[in-house]
Amino acid sequence: MSWTYSDIHQLKISPESVSLLTYKDNGWKLGADRQYDFELVSEDKKLEDAYAVLKTRLDQRFVAVLADNPTKPLWEIPVKHLSGFSGDQGVLQVGRDEIVYKSDNEERTRTWRYEDIDNISSSGPFQLTITTFERAKLSYGSRKAFNFQLKEPLAEERYNDLWLRLNHGKGLEILGSYRAGDGGR
C-alpha cells in the first residue's frame, strides 16, 4: 500500500509507532477518515531518526509525539497539562523554532514547530493554551487545544515575545515596525 503526500490528512510519529490518517472515508465508522497504525516490532529500535528526516519535509499535517531537544531553550516552565477528566505533569520548553512539552506520560509529549501552532492564548500568568493544527475530532475546525496550568507565573514579556515569534511568519511584520517607533513607515 502506498500514499501520495496529498492523500495524507495527518501523520503522527512517536518513538515506537506511526499513525497515518488519510482522507479516504471509512464506511464502517460513518465516514470517519481511514487510519493506518504501524508499530515497531523490535524493542531495540526507535523512530527518532525518521522523525529527524520528516520534521524538515512535512508541513502542519505532521504531529510529533516525542520530545525533541530544542537547541538552547529560551526558557522553560513546569506545567500541568489539563485533558478531559485528568491531567499530567511536565515541562514546557520554548526554543527559537519550537515548543516542546515533555510529559511524564509519553503519549502526551509533543514537539511543535512554530508553523504547527495556530495560536496561543492566556487568561492570566498561571494559564497558557497552545492551539495546534493537530486534528481534534471534537473541536471546531479540527484544531487541538492544549491547556496548561503553569506552576510558576509566566512573565508578560515572555508571553509577548512568544506571540510575536509565532505570528512573525503570518504577515504581522507591521507590529515590529510600530514597535520600533517609526509609525509603520
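Everything discussed here concerns the structure shown above.
Quick summary incoming for the structure in this document. (Residues numbered from 1 in each chain as written. Predicted model: local features only at pLDDT ≥ 70, side-chain atom pairs only at ≥ 80, totals over all residues. Heavy atoms only, no water.)

**Some words on the overall build of the protein chain**
Here is the rule we go by: Under the scheme used here, helices are H or I runs from DSSP no shorter than 4 residues and strands are E runs no shorter than 2 residues, and both carry numbers assigned from the N terminus. We call two residues contacting when some pair of their heavy atoms lies within 4.5 Å.
Per the secondary structure count, the protein chain includes three helices and 11 strands. When its helices and strands are written in sequence order, the protein chain yields β-β-β-α-β-β-β-β-β-β-β-β-α-α. In the protein chain, the share of contacts with a sequence separation of at least 24, taken over all contacts with a separation of at least 6, comes to 44%.

**A few points about the pairing of strand S10 (residues 127-132)**
As a reminder, the rule being used: Three labels apply to residues, based on accessible area from a 1.4 Å probe with only protein chains included: buried if under 20% of the type maximum, exposed if over 50%, partly exposed otherwise in between. A pair of strands is treated as paired once DSSP finds two or more bridges between them.
Burial of S10 is extensive: five of the six residues sit out of reach of the surface. Bridge count between strand S9 (residues 117-124) and S10: five bridges; the pairing is antiparallel. Residue Ser-121 lies in a different strand from S10, and its bridge partner there is Thr-129. Adjacent in sequence and paired antiparallel, S9 and S10 are bridged by two residues. With six bridges joining them, S10 and strand S11 (residues 144-150) adopt antiparallel strand pairing. Among the inter-strand pairings, Gln-127 is bridged to a residue of S11, identified as Gln-149.

**Some words on the environment of Asp-37**
Test applied: Polar contacts here mean pairs of N or O atoms no more than 3.5 Å apart (in protein, one a potential hydrogen donor and the other a potential acceptor; neighbouring residues in sequence count only if both atoms are side-chain atoms).
Along the chain, the position of Asp-37 falls in strand S3 (residues 32-39). Judged by its relative accessible area of 52%, Asp-37 falls in the exposed class. The spatial distance from the C-alpha of Asp-37 to the C-alpha of Ser-17 is 7.3 Å, given a sequence separation of 20 residues. Apart from residues no more than four positions distant in its own chain, Asp-37 is found in contact with Val-18 and Ser-19. Here Ser-19 takes part through its side chain, which lies 2.8 Å from a polar atom of the side chain of Asp-37. A distance of 3.0 Å separates a polar atom in the side chain of Asp-37 from a polar atom in the side chain of Gln-35.

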